There are 2 protein chains.
Amino acid sequence: MQIVDEILKIKKVKNTAVRTVVLRHLLSQEKAQSLKDIENALVYTDRSSIFRTLKTFENNKIIHSIEDGSGMIKYAVCVKGCNCDPKDLHYHFYCNNCDKTFCLFDVPFQNIELPENFKIQQANMVVKGLCNNCNK
Amino acid sequence: MQIVDEILKIKKVKNTAVRTVVLRHLLSQEKAQSLKDIENALVYTDRSSIFRTLKTFENNKIIHSIEDGSGMIKYAVCVKGCNCDPKDLHYHFYCNNCDKTFCLFDVPFQNIELPENFKIQQANMVVKGLCNNCNK
DNA sequence: TAATCTTTGCAATCGAGTTGCACCATATGG
DNA sequence: CCATATGGTGCAACTCGATTGCAAAGATTA
């Protein structure tokens, strides 16, 4: 998995066993993952280690977190070149039926006209409904 | 406070002591309130009663909940005529500095072009940054 | 190699949310 | 007007995701 090494190198985060498996797992998933999801997938890795790894990744903008209303924070790998600035924002979609959370990278993020003197720094945009798989 | 009675009547929710004080409190606040906020304000009212009251209000579309990433669900009174449908959606603003969450009723909600076969049912849109009071 | 810093695993803790249960208030029917 | 049913309330306990303290293991540097 060279991609894992490459990402960590670019973001200047030291490579470790836990970091490798966590990032590899995140990259392999189409939907955003909760701490529990990762814990279940990586049976031999401790929860707190995964937790701290996620915090490290988030601080170094390797991943971003999503609050989709499921009660669990979800994590997804940032796209290449993302700095988690307002310009890098995208919508998320939470499926009420299958419980999956997707990053909608292809849906353009519209500029929001905030009231006078309000300044945007980040955003958490979650559209909820039925995904293409469940809307049948 | 006739407005409280009026809202409860319109939404067909029976008036009780707890419901009156909770709704009155929510109406008196400019920012969305967490369970803890309300608990702190209404010292003599039990937490679980407030909790169940909020659930009742939410089910009857008197209030809506907001997940602003603070770790606590916030509640705000719906505007008149709101049915919590996608058409009634609005943005929320969370201030990273003062921790307040506002409903941005005046910011138009833009239509989002979802991918093929995705169906919107609700949304939780939170813009984070600095509010007009903190952005100085 | 010794000293230092970082990462990891385990166990414990925190806190928001939620629930069970008994009691109380209201209203409904005889 | 009382008896019963229905729903609301307060208290205490519990759930579960998130987080932290601490000591051991591993990596890095002098």
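Note that the structure is predicted; figures quoted are calculated from it, not measured.

1. Looking at the sheet that holds strand E2 (residues 63-67) of chain A
Residue and element names in this part refer to chain A.
Logical step 1: Within the open sheet, the three strands sit side by side as E1-E3-E2. Their pairing is antiparallel. Every other strand in the sheet has two partners, leaving strand E1 (33-34) and E2 as the edge strands with one partner each.
Logical step 2: Docked against the sheet, helix H2 (residues 17-28) engages E1, E2 and strand E3 (73-77), running at close to 85 degrees with respect to E3.
Logical step 3: The sheet contacts of helix H4 (residues 47-59) involve E2 and E3, and relative to E2 the element is tilted by about 110 degrees.

2. Looking at the interface of chain B and chain A
Where interface size is given, it is often the accessible area lost as the parts come together that is meant.
Logical step 1: With 30 residues of chain B at the interface, the matching set in chain A holds 30 residues.
Logical step 2: At the level of secondary structure, the elements contributing two or more residues to the side of chain B that touches chain A comprise strand E4 (91-95) and strand E6 (119-130) of chain B.
Logical step 3: Counting residues per element, the side of chain B that touches chain A draws most heavily on E6(B), which supplies 12 residues.
Logical step 4: In the side of chain B that touches chain A, the residues fall into 14 nonpolar, 10 polar and six charged.

3. Things to note about the relation of the copies chain B and chain A
Logical step 1: Superposition of chain B onto chain A requires a rotation of 179 degrees combined with a translation of 0.0 Å along the rotation axis, giving an RMSD of 0.2 Å. The superposition operator between the copies reduces to a two-fold rotation axis. For chain B, the smallest separation between a C-alpha atom and the rotation axis is recorded for B:Met125, amounting to 2.2 Å.
Logical step 2: A high fraction, 100%, of the interface residues of chain B reappear at the interface in chain A, so the copies pair face to face through one surface.

Conventions and cut-offs
- Residues numbered from 1 in each chain as written.
- Chains lettered and ligands numbered in written order.
- Predicted model: local features only at pLDDT ≥ 70, side-chain atom pairs only at ≥ 80, totals over all residues.
- Pairing = 2+ DSSP bridges.
- Helix = DSSP H or I, 4+ residues; strand = E, 2+ residues; numbered from the N terminus.
- Contact = placed C-beta atoms within 7 Å.
- Axes fitted to C-alpha atoms, helices over the stretch in contact; angles between N-to-C directions.
- Nonpolar A, V, L, I, M, F, W, Y, C, P; charged D, E, K, R; others polar.
- Least-squares fit on C-alpha atoms with pLDDT ≥ 70 in both.

From the geometry alone we can't say anything about function, so treat these as descriptive.
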